[in-house]
Amino acid sequence: MKVTLPYRLTRETMYQLLERVIDRDLFPKDKEIDFDFTSLSFIEPVGVTILSNLFEWLKKRDIRVIITYQSSISNDKWNPIKYLDDSMFFKRYTGRTLNDDARVRDTTIPLEIVTYANSYQWLDSSLMNWLSRTLNITKNSLTDIKMCLGEIFNNINDHAQENTGCIFAQHYPANNKVSIAISDFGVGIPNNIRKINPSLSDGEALGKAIEEGFTTKTNPRNLGVGLHTLVKNVVEHNKGSLFIHSNYGILNCISGDTNYTFSNEDSFYPGTLIEINLRTDTIFEIEEVEEEFEW
Amino acid sequence: MVTINVLDHVEHCYSNQDGAIIKSIIIRALSNNECVTISFRGVDGVTSSFVNTALIELLDNFDFDLIKANVKFVNSSKQINNMIRSRFRFEVNRRKNLVKVLA
């Protein structure tokens, strides 16, 4: 089966891609899928994560994945194939970069598949070093962000049997913004929430998942607390935004809104996609000082 | 008085498993009527998973007043302190509002 990538691959257009690949019973539509990249003209960082997650989902189901692209790749940095090549997407899925001169851009990290077991070390060394260098700020000043992302990996560990996350990030210096997209291809957050509250739709389940202390005593024991902490740090403290799509549910949290919004989408997302947009102008240098604890 | 330097027992304060190791040491000390000082020297931050297991689950065994009187935290940071305080605040209030009836 041939699947043509959308002209622009963004969070909004990913549904047509997912629908072409995944059937209503949540199975791949064919044993072999040929992804045609030739019409792709733009891709967001979250698109890199979505594509990677989809490929991982298909690989897990022993689907043969083929990539079709134009042999001549322009060196224009706006070319999405060049962007994917520089993000190491093709290296991961074909074993080599398309161009010999492909290199990870200063404004991005390479696409990574991070296991839970390696996640702390990866966050501490790779991602935080890149963010510290990119924002010209000490790693110590980024502790809140590091622990936030730790909450996501703990959430993956709680909700996804795979314990693995696809992650990609980009810095937009002109917009004072860093976008970080993480996705797992597990069973999704709503499935686990419904073990406790079976009547909830996927969207309602995501809304429940970010309530503080929805439950801390079931297995997984951290439902709600980790995602609540994530929302609090990203939206309230950093004034950034957060988007979660898990199965059919969508959750949007934007700074300035007193409430988050959740909804149900017709298209199924295979796992959980989390996009975080951090404002860099609200991240300040913190001196390394201990603080005395008081109850 | 027992001093627990967390990095002597776990590599980081990240997972439920990390928390479970620290929790068992605290429970042992409190059960022996000893005060506990927990040192976060070298730790830059903690996740809610760690705090839930290491500290919040102590509420299953001990009153909050006993924990406050006998557990101290040193060499901590703003992120660590905020996480501990906010998790205890929420859980203690939640437990106060629980109503149990015999069915």
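Residues numbered from 1 in each chain as written. Chains lettered and ligands numbered in written order. Predicted model: local features only at pLDDT ≥ 70, side-chain atom pairs only at ≥ 80, totals over all residues.

Once that is clear, we can look at helix α9 (residues 225-237) of chain A. Burial of α9 of chain A is extensive: 10 of the 13 residues sit out of reach of the surface. Phi for Lys239 of chain A, located one or two positions after α9 of chain A, is positive at around 65 degrees. (Buried ≥ 20, exposed ≤ 12 C-beta atoms within 10 Å, placed from the backbone. Helix = DSSP H or I, 4+ residues; strand = E, 2+ residues; numbered from the N terminus.)

Quick look at the sheet that holds strand β1 (residues 2-5) of chain B now. Residues and elements named next belong to chain B. Taking strand neighbours across the sheet as the criterion, the 3 strands line up as β1-β2-β3 in an open arrangement whose pairing is parallel. Each edge of the sheet is formed by a strand with only one pairing partner; in this case those strands are β1 and β3 (71-74). Across this sheet, the average inter-strand angle for adjacent strands is 20 degrees, counted without regard to direction. Looking at chain direction, β1 and strand β2 (residues 36-39) are connected through 4 bridges and run parallel. Across the sheet, the residue bridging to Ile4 is Ile38, located in β2. Where helix α1 (residues 16-31) meets the sheet, it contacts β1, β2 and β3, and its direction lies at approximately 175 degrees from that of β1. (Pairing = 2+ DSSP bridges. Axes fitted to C-alpha atoms, helices over the stretch in contact; angles between N-to-C directions. Contact = placed C-beta atoms within 7 Å.)

Every contact between the two is made by 21 residues of chain A and, on the other side, 23 residues of chain B. When residues of the side of chain A that touches chain B are traced back to their parent elements, those giving at least two are α6 (143-159) and α9 of chain A. Considering every element that reaches the side of chain A that touches chain B, the biggest residue donor is α6 of chain A, with 7 residues. For the side of chain A that touches chain B, the residue count by class is 5 nonpolar, 9 polar and 7 charged. (Nonpolar A, V, L, I, M, F, W, Y, C, P; charged D, E, K, R; others polar.)

Okay, helix α2 (residues 45-60) of chain A next. All names here are of chain A. If you check α2, its first and last C-alpha atoms are 23 Å apart, about what 16 residues at 1.5 Å a residue would give, namely 22 Å. Taking burial as the measure, the 16 residues of α2 include 14 buried ones, the bulk of the element. Trailing α2 by a residue or two, Asp62 shows a phi angle of about 60 degrees, which is positive. (Expected span 1.5 Å × (residues − 1).)

Residue and element names in this part refer to chain A. Although it is not a glycine, Met88 adopts a positive phi angle of roughly 75 degrees. Relative to the elements of secondary structure, Met88 occurs in the loop between α3 (80-86) and α4 (89-94). Of note, Lys239 is a non-glycine position whose phi angle comes to about 65 degrees, a positive value.

This part is about the confidence of the model for chain B. The predicted structure's coordinates, where accompanied by low pLDDT, should not be read in detail. All names here are of chain B. Taken over all residues, the pLDDT of chain B has a mean of 93, while the share at 70 or more is 100%. Between the elements of chain B, mean pLDDT differs from a low of 92, seen in helix α4 (residues 78-96), to a high of 97, seen in β2. Listed scores for the predicted complex are pTM 0.91 and ipTM 0.87. (pLDDT = per-residue confidence, 0-100.)

What follows is about the nonpolar core. Grouped together as the largest cluster of nonpolar side chains are 94 residues, with contacts concentrated most on Ala209, Val231, Val234 and Leu242 of chain A together with Val46 and Val51 of chain B. Per element, the largest residue contribution to this core is 8 residues, and it comes from α2 of chain A. Beyond its immediate chain neighbours, meaning those up to four positions away, Leu242 of chain A contacts Leu230, Val231, Val234, Val235, Cys253 and Ile276 of chain A. (Core = buried A, V, L, I, M, F, W, Y, C linked by C-beta atoms within 7 Å.)

All names here are of chain A. For chain A, the assigned domains are domain 1 (2-94) and domain 2 (112-282). The C-alpha centroid of domain 2 is placed 23 Å from the C-alpha centroid of domain 1. Taken together, the 18 residues of domain 1 in the interface contact 19 residues of domain 2. Of all the elements in the fold, those that place two or more residues in the side of domain 1 that touches domain 2 are α1 (14-21) and α2. It is α2 that contributes the most residues to the side of domain 1 that touches domain 2, 11 residues altogether. (Domains from an automatic or database assignment.)

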